[in-house]
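# Inside the fold
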Amino acid sequence: MNKVLITGSEAAALGAKLAKIEVLGYYPITPAFPAMERLSKYIDDEELNCKFIRVESDHSALAAVLGASLAGARSYTVTNSQGLLLMTEVAYHAAGLRQPIVMGVANRALSAPHSRFPEQGDAVSQGASGWIQFFCENNQDIIDNTIQAFRIAEELRNPVMVNYEGYIQSHTLEEVYVPDQEKVTVFLPLNRQPALDITHPRGVNTVTSPEFYTDYKYIQNEAMTEALNVIPRVAEEYNKEFDAESCGLVEGYRLEDAEHVLVAMGSIVSTARILVDELRKEGKKIGLLKVKVWRPFPAKAILDLLQKARYVTVLDKNIVFGVGGALATDIKAASYGQDNLIINGVILGLGGRKCGVDEIKEAVNHTESSDSDKNRSEWIGL
Amino acid sequence: MAVKNLPIVPSGDPGALAEASNAAIQRIKRPEITDLAKVNPIVLLYCPDGAISLDENGILISYKLCKGCGICAKESEGIVMVPEYTGPKGIF
């Protein structure tokens, strides 16, 4: 395993290259494009035997990838924000058709007003789409999760979205340990399961009567639920195989006696880690819960780690209008009946607004103060 | 309730929707004549799709034309609506 200094985009591209993707469908969008550029260079340099399909929109990019996947090819795409929204229709097709597509998403804020800055709103908009969603804390997470995503997707026949934040991760250099190609090839055996067969033609995505639709959705949801078992198992195997430390569903940091727990997903986890260390030095019993998997929602894994907590501050770099932060809403729903917990959802860092250690510290103080309204999301940094 | 045994990728045989004689997916129930002697021929007029006809053998229902509305079973004895799909059944 060698160590390199690469951006998040390069980590995503390298993960896809190590997985030996066979088809890449892509339409240029910022900040996802460097991953595509890197992959196209691998193809041009003949380091990767992959068909790059250039299309006229993100909708077509995912449609091309979906068709390739139905034919049995290992397929990948990258996008973000408006591109992901344009893909939405096909995203639901891909999930309903149970195709093991992996997609990198360089999270960016949604228009309007137009923004090119990081935020998780685009991923959250796909929360009901049936895609498994990973959130990466750093560039190491991106490469680890991308490789694992192919294994999980192909095992469950369910698409996986690997989220990493635009610029904060996509354009920032970090040290990354790169797994050996031979080992990755063994870890990701190519097990083609084509739905299209020219010798036995069938109609895919046929009109389905009420007699069958519910059953299809039930089976799809069962696969999503099963992911809660598959994801930690694959992470464990990966860690063993590559001597890595990748996260399963969730990961606790300094939770042993923590009375106050910060919960977050994505790049803000590493900022919160710094604050936890700082406050621990001051003697405050505070810990951090990193949520890697948002869909399916690992309710039990999260609650297990919140058992000893009194205060919970959930950091959301997204807003579901009229409801609050997506992660906080899910955690509040999951903890129904756990009256000992004071859960405060915090909205911060929208559209690239600064959300450093100071902002998270403000959120922590706010949760413990008496004027904190537990029934609505608090906005930090206004 | 048993979950139906369905293909992982939602799919069907070619032509299963339109041309095939079992193109009945729009119908949840279909009318069946249980007692021909009791069927009131007025249902020939009530059927909005002209799916019911009369020949030398008696009254016939065309499942190619029937959309499963159930008017005939409501208006006449000797016809009952039966579920189109029963039990864990898969591809149509």
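### Description of the interface of chain B and chain A
Taken residue by residue, the interface counts 20 residues in chain B and 23 residues in chain A. In total, chain B and chain A occlude about 2,000 Å² of area from one another, counting both sides; carbon and sulfur atoms represent 66% of this. Residues Lys4(B) and Asp215(A) are paired through a salt bridge, measuring 3.7 Å at the closest nitrogen-oxygen approach. Of the residues that constitute the side of chain B that touches chain A, the class distribution is 14 nonpolar, 3 polar and 3 charged. Judged from the 2 bridges that link them, strand 9 (residues 203–204) of chain A and strand 1 (residues 11–12) of chain B form a sheet pairing that is antiparallel.

### Some words on the nonpolar core
All names here are of chain A. With 77 residues, the main nonpolar core has Tyr76 and Val263 as its most contacted residues. Top contributing element to this core by residue count: helix 6 (residues 139–156), with 8 residues. Split by domain, the residues of this core number at least three in each of domain 1 (2–242) and domain 2 (253–379). Not counting residues up to four positions away in its chain, the partners in contact with Val263 are Leu289, Val291, Leu306, Val312, Thr313, Val314, Leu315, Leu327 and Ile331. Grouped together as the second largest cluster of nonpolar side chains are 20 residues, Ala61, Leu66, Leu84 and Leu97 included.

### Some points on the side chain of Gln140(A)
Within the secondary structure, Gln140(A) sits in helix 6. A distance of 2.6 Å separates a polar side-chain atom of Gln140(A) from the backbone nitrogen of Tyr177(A).

### As for unusual backbone geometry
Residue and element names in this part refer to chain A. Cis geometry is adopted by the peptide bond preceding Ala112, which originates at Ser111 and carries an omega value of 0 degrees. Looking at the secondary structure, you find Ala112 in the loop between strand 5 (102–107) and helix 5 (121–124). The linkage connecting Arg295 with the following residue, Pro296, adopts the cis geometry, with an omega of -5 degrees. In this structure, Pro296 sits in the loop between strand 13 (293–295) and helix 10 (299–306).

### Focus: the sheet that holds strand 5 of chain A
Residues and elements named next belong to chain A. Taken in spatial order, the 7 strands line up as 3-2-4-5-7-6-13 in an open sheet, and their pairing is mixed. On the outer flanks of this sheet lie strand 3 (51–54) and strand 13, each paired with one strand and no other. Taken over all neighbouring pairs, the strand axes of this sheet differ in orientation by 20 degrees on average, direction set aside. Here 4 bridges tie strand 4 (residues 75–79) to strand 5, and the two strands are oriented parallel to one another. In the strand pairing of strand 5, Thr77 is matched with Met103. Those strands touched by helix 3 (residues 58–70) are strand 2 (23–26), strand 3 and strand 4, and its axis lies near 165 degrees from that of strand 4.

### A closer look at a nonpolar patch on the surface
All names here are of chain B. Taken together, the side chains of Ile42, Leu45, Tyr46 and Ile71 make up a nonpolar region of the molecular surface, amounting to roughly 380 Å² of accessible area. Checked against the element boundaries, Leu45 lands in helix 1 (residues 43–46). Classification of Leu45 by relative accessible area gives exposed; the value is 71%.

### Describing the packing of aromatic side chains
For any pair of aromatic rings, the description rests on two quantities: the centre-to-centre distance and the angle between the ring planes. Residue and element names in this part refer to chain A. Applying the stated criterion across every chain yields a total of 6 aromatic pairs over all chains. Aromatic side chains Phe187 and Phe242 sit 5.6 Å apart centroid to centroid with 75 degrees between the ring planes, which places their arrangement in the edge-to-face category. With a gap of 55 residues between them, Phe187 in helix 7 (residues 181–187) and Phe242 in helix 8 (residues 210–242) connect regions that are remote in the sequence. Put simply, the rings of Phe187, Tyr238 and Phe242 touch in pairs and so form one group of aromatic residues. Note that Arg273 overlies the ring of Tyr253, its terminal NZ or CZ placed 4.9 Å from the centroid. If you follow Arg295 out to its NZ or CZ, it ends over the ring of Trp294, 3.9 Å from the centre.

### Re the pairing of strand 11 (residues 260–264) of chain A
Residue and element names in this part refer to chain A. The element strand 11 is largely enclosed, with a buried count of 5 among its 5 residues. Here strand 11 shows a buried face lined by His260, Leu262 and Ala264 and a second buried face lined by Val261 and Val263. In this structure, strand 11 lies alongside strand 12 (residues 286–291), joined through 5 bridges in parallel fashion. Note that in strand 12 the partner of His260 across the bridge is Ile286. This β-α-β element, strand 11 to helix 9 (residues 268–281) to strand 12, shows right-handed connectivity. Looking at chain direction, strand 11 and strand 14 (residues 311–316) are connected through 4 bridges and run parallel. Within the sheet, the bridge partner assigned to His260 lies in strand 14 and is Tyr311.

### Examining the pattern of salt bridges
Residues and elements named next belong to chain A. A complete count under the given rule lists 24 salt bridges over all chains for this structure. For Arg273, the salt bridge identified is with Glu137, shortest N-O distance 2.8 Å. Taken together, the residues Arg273 in helix 9 and Glu137 in the loop between strand 6 (132–135) and helix 6 connect sequence positions 136 residues apart. When sorted by exposure, Arg273 lands in the same class as Glu137, which is buried. Between Arg254 and Asp277 there is a salt bridge, with the nearest N and O atoms lying 3.0 Å from each other. Within this pair, whereas Arg254 is found in the loop between strand 10 (250–253) and strand 11, its partner Asp277 is found in helix 9, the two being separated by 23 residues in sequence. The class for Asp277 is partly exposed, based on a relative accessible area of 26%. Three or more residues joined by partner-sharing salt bridges are found here, namely Glu137, Asp141, Glu251, Arg273 and Lys290.

### Remarks on the domain arrangement of chain A
Residues and elements named next belong to chain A. Annotation of chain A at the domain level lists domain 1 (2–242) and domain 2 (253–379). Here the C-alpha centre of domain 2 lies 27 Å away from the C-alpha centre of domain 1. With 27 residues of domain 1 at the contact, the number on the domain 2 side is 24 residues. Buried surface at the junction of domain 1 and domain 2, summed over both partners, amounts to about 2,000 Å²; 57% is from carbon and sulfur atoms. Run the count over domain 1 and domain 2 and you get 4 salt bridges. Asp141 is the salt-bridge partner of Lys290, the closest N and O atoms lying 2.8 Å from each other.

About the thresholds
All chains use their own residue numbering, which begins from 1 and follows the written sequence. Working convention: letters from A go to chains and numbers from 1 go to ligands, in the order in which they are written. Totals for whole chains, interfaces and linings use every residue, but because this is a predicted model, local features are given only for residues with pLDDT of at least 70 and side-chain atom pairs only at 80 or more, for both listing and counting. Think of the side-chain values as coming from all heavy atoms in the structure, minus any hydrogens and water. By the convention used here, residues are in contact when the closest approach between their heavy atoms is within 4.5 Å. Defined in terms of a 1.4 Å probe, buried area is the accessible area two parts forfeit on being brought together, summed over both. The salt bridge criterion pairs a side-chain nitrogen of Lys or Arg with a carboxyl oxygen of Asp or Glu, the two atoms within 4 Å. In this classification, Asp, Glu, Lys and Arg are treated as charged, Ala, Val, Leu, Ile, Met, Phe, Trp, Tyr, Cys and Pro as nonpolar, and every other residue, Gly included, as polar. At least two DSSP bridges between two strands are needed for those strands to be called paired. Under the DSSP-based scheme used, a helix requires at least four consecutive residues in state H or I and a strand at least two consecutive residues in state E, with every element numbered from the N terminus. In these notes, a set of buried Ala, Val, Leu, Ile, Met, Phe, Trp, Tyr and Cys residues joined through side-chain atoms within 4.5 Å is what counts as a nonpolar core. Partly exposed describes any residue whose relative accessible area lies between the buried limit of under 20% and the exposed limit of over 50%, with all areas from a 1.4 Å probe on protein chains only and scaled to the type maximum. Where each domain starts and ends follows an automatic or database-derived domain assignment. Polar contacts, as counted here, are pairs of nitrogen or oxygen atoms within 3.5 Å of one another; within protein the pair requires one atom able to donate a hydrogen and one able to accept it, and residues that are adjacent in sequence qualify only if both atoms are side-chain atoms. Think of each axis as a best-fit line through the C-alpha atoms, taken over the contacting stretch in the case of a helix, with angles from 0 to 180 degrees between the N-to-C directions. Patches here: salt-bridge-free residues with over 30% relative accessible area, like charges joined within 9 Å, nonpolar side chains (Val, Leu, Ile, Met, Phe, Trp, Tyr) joined within 5 Å. Areas reported as accessible are Shrake-Rupley estimates using a 1.4 Å probe. Residue values count occlusion only from the protein chains shown. A pair of aromatic rings is counted whenever rings of Phe, Tyr or Trp (Trp by its six-membered ring) have centres within 6.5 Å, and the orientation is called stacked for planes under 30 degrees apart, edge-to-face for over 60 and tilted otherwise. Charge-over-ring contacts are defined here by two conditions on Lys NZ or Arg CZ: a distance within 6 Å of the ring centre and an angle within 35 degrees of the ring normal. Call a crossover right-handed when, viewed with both strands pointing away from you, the route from the first strand across the helix to the second goes clockwise.

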